[in-house]
Amino acid sequence: MKILFVDDEPAILRTLQRTLRSLLATNQIDFESNPLAAIARLSETDYDLVVTDMRMPGCTGVQVLEAAARRNPGGMRAVLSGYSGEDEMAQAVPYAHFFIAKPFEPAAITELIARTSALASMSLTDDLRRRLGGLKALPPVPKLFATLSRALEEHKTSLADICSILSQDVALVAKLMQLSNSALFGGGARVVRIEQAVQLLGTRILSGLVLQHELLANAPLAPGLNAWRERLNQESLAVAELTVRIARHCRLDAALRDEAAMAGLLHDIGHLVMLTEFQDADQLPALLQSQHGDVLCQHEEALIGVHHGWIGAYLLRLWGLPQSMVDAVAWHHHPSRSGIPGFTTLTLVHVADALVTERNGGEGRFDEDYLCAIGCLDQLPTWRGLSES
């Protein structure tokens, strides 16, 4: 890979060099203290990853990010800074995929490079990679989700710690309580405390709910799209619930069930990015047309060159979520194209999504070739009954 670090503090660049010395032999890693010289480098080299400070003499980090985006829209861009104000960060958001605060842990830098490598390994055409990387509406990792993820990775984190994090968002707590008291998750016992909800839902589904909630709540959509936002929320919750119902009926293990539920919550998140990106464009009315399956994906590709499944998958891969979830989001309308064998998270999300569309009065488009190939086509009537019940 080709990586460029831009920072006017020599000590920071030396720290980065020490952190990455094991990668220098196999990657082109350049370090630049002059932001104007960095922009000159960008005119000559397509970097896979550009990491810049924000406040530097002669040029801002936003200008470096803009130059990187123009030169290589499909490349990754990150901010590494300790002094950025709200206005500066707002200017950087359309161009930066990651934000790392100073002082930083070496692991944050190596993880950033690992995520860039994972994105580079996605089987995308150069044109599709440029389109996805150039979307200004791709949001950074939501703050509450990032805080929760870090807490869950630490073995010493207690239930009280998790509840304290969640309690920062009253609307989120309300959603968690509503879902944990649903017939599917509640099991008959009324949940009245957030501690009960966390224990009942489990960390994987909890993480998915937090991520989906923050994305929907923070998306800068026009007021006229609020009804669409709520419909997306309800449909995503319905798909997640149905994946769990089908997984339990099939006696699948809890890990696959919970992963499918999280993928179900996030399977249409590409729609949110797409509408945020194009809400002021002529394509908006056409993008809001009610369609499903391959027809919908073909319609989106004709309008803007990429469909919502790939946008969502790209975003999840950007944030380091498991490949099985990325695959489920990317291919949930046409799983036969994925080449993934057997009954997986993708199967559950594809079937649940089509059944929820059908239940809501739409045309649920099932990939029957795929279901036949994995030996599940005859289960469709049973799964339809689970949806209708």
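No experiment lies behind these values; they were computed from the predicted model shown.

Caption draft 1: Fine view of the overall build of the protein. Across its full length, the protein carries 22 helices and 5 strands. The C-alpha atoms of the protein give 22 Å as radius of gyration, which agrees with the globular expectation for 389 residues (21 Å, within 12%). By the burial criterion, 53% of the 389 residues in the protein qualify as buried. Of the contacts made within the protein by residues no fewer than 6 positions apart, 67% connect residues no fewer than 24 positions apart.

Caption draft 2: Looking closely at the side chain of threonine 345. Checked against the element boundaries, threonine 345 lands in helix H20 (residues 345-359). In terms of polar contacts, threonine 345 uses its side chain to reach the side chain of glutamate 259, at 2.6 Å. Discounting chain neighbours no more than four positions away, the residues touching threonine 345 are Leu256, Glu259, Ala260, Ala263, Ser324 and Ala328.

Caption draft 3: Structural view of the packing of aromatic side chains. Applying the stated criterion across every chain, the model contains 3 aromatic pairs. Note on phenylalanine 5 and phenylalanine 31: the rings are 5.6 Å apart at their centroids and 10 degrees apart in plane angle, and the pair reads as stacked. With phenylalanine 5 in strand S1 (residues 2-6) and phenylalanine 31 in strand S2 (residues 28-32), this pair connects stretches of sequence that are 26 residues apart. On the accessibility criterion, phenylalanine 5 (1% relative accessible area) is buried. Seen from their ring centres, tryptophan 310 and tryptophan 331 are 5.2 Å apart, and the 75 degrees between their planes marks the pair as edge-to-face. Separated by 21 residues along the polypeptide, tryptophan 310 in helix H18 (residues 308-318) and tryptophan 331 in helix H19 (residues 323-331) bring together distant segments of the chain. Since its relative accessible area comes to 11%, tryptophan 310 is described here as buried.

Conventions we followed
Residues numbered from 1 in each chain as written. Predicted model: local features only at pLDDT ≥ 70, side-chain atom pairs only at ≥ 80, totals over all residues. Heavy atoms only, no water. Helix = DSSP H or I, 4+ residues; strand = E, 2+ residues; numbered from the N terminus. Rg over C-alpha atoms; globule rule 2.2 N^0.38 Å. Buried < 20%, exposed > 50% of the residue type's maximum accessible area, 1.4 Å probe, protein only. Contact = heavy atoms within 4.5 Å. Polar contact = N/O pair within 3.5 Å; in protein donor to acceptor, adjacent residues only side chain to side chain. Phe/Tyr/Trp six-rings, centres within 6.5 Å; stacked < 30°, edge-to-face > 60°.

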